[in-house]
Amino acid sequence: MQLEPGDERYVTLDGVLKTPWSLLFMLLFFMRGYAAWIISLTFIEDPNRLLKFFYTSTEQFGLALLVGAPAMLIFVLLTQIKAEMAEWVRQAFRIMPLLLWFSWIVDGALLLSLVSNLWPAFSVVKALLLFGWLMAGWMLLFSRHLKRFNALIVVR
């Protein structure tokens, strides 16, 4: 790993890369469809009724799972970060920004669908989802820690 001056804040004392909080936030935000799915599985009486609380149609639920799939892949890749990484991990991290942008765009379509279904009604949950979506886009554009994290993994 080629560390430059100032990169000490991106590495632990053991020399392992720290996972950026912005990346963890985005992964958890994008995988919220899987969380709703797991919650609905625990509702024994009627799992579909609980899913309809989160999503008004099955297409929206399918989009939520599509949004979370790249995030799940990136989460698995994060578990493979070690002092000596395999080449496939480095190669996979090359497409990490594209996967995050894909999730962000599809999530935007999902949120547009959710908001447009009940348009005039205001909901704090919808406002928080929109705020989280905008924050994720901001982090993808401007997070130096996220960009340097990816660069340190790919260059290794």
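Preceding this section is the structure that the text describes.
Let me begin by describing the structure that accompanies this report.

The rules behind each value
Residues numbered from 1 in each chain as written. Predicted model: local features only at pLDDT ≥ 70, side-chain atom pairs only at ≥ 80, totals over all residues. Heavy atoms only, no water. Helix = DSSP H or I, 4+ residues; strand = E, 2+ residues; numbered from the N terminus. Axes fitted to C-alpha atoms, helices over the stretch in contact; angles between N-to-C directions. Parallel < 35°, antiparallel > 145°, perpendicular 65-115°, else oblique. Left-handed = near helix turned anticlockwise from the far one by under 90°. Contact = heavy atoms within 4.5 Å. Nonpolar A, V, L, I, M, F, W, Y, C, P; charged D, E, K, R; others polar. Phe/Tyr/Trp six-rings, centres within 6.5 Å; stacked < 30°, edge-to-face > 60°. Buried < 20%, exposed > 50% of the residue type's maximum accessible area, 1.4 Å probe, protein only.

### Points about the environment of Lys82
So, step 1. You can see Lys82 is positioned in the loop between α4 (58-79) and α5 (87-94).
So, step 2. Along the primary structure Lys82 and Ser40 are separated by 42 residues, whereas in three dimensions their C-alpha atoms are 35 Å apart.

### A few points about the packing of helix α7 (residues 124-142) against helix α8 (residues 144-155)
So, step 1. In the contact formed by α7 and α8, the axes pass within 6 Å of each other and the chain directions differ by 55 degrees. One finds that α7 runs oblique with respect to α8. In the packing of α7 onto α8, the handedness of the crossing is right-handed. Only Arg144, Leu146 and Lys147 of α8 make contact with α7, whose side of the interface consists of Met139, Leu140, Leu141 and Phe142.
So, step 2. Counted by class, the contact of α7 with α8 contains five nonpolar, no polar and two charged residues.

### Notes on the packing of aromatic side chains
So, step 1. One pass over the full model with this rule turns up eight aromatic pairs.
So, step 2. With a centroid separation of 4.3 Å and 0 degrees between ring planes, the pair formed by Trp104 and Trp133 is classed as stacked. Of this pair, Trp104 sits in helix α6 (residues 96-117) while Trp133 sits in helix α7, and the two are 29 residues apart along the sequence. Here Trp104 matches Trp133 in class, with each residue buried.
So, step 3. Members of the aromatic cluster, joined through ring pairs, are Phe25, Phe29 and Phe30.

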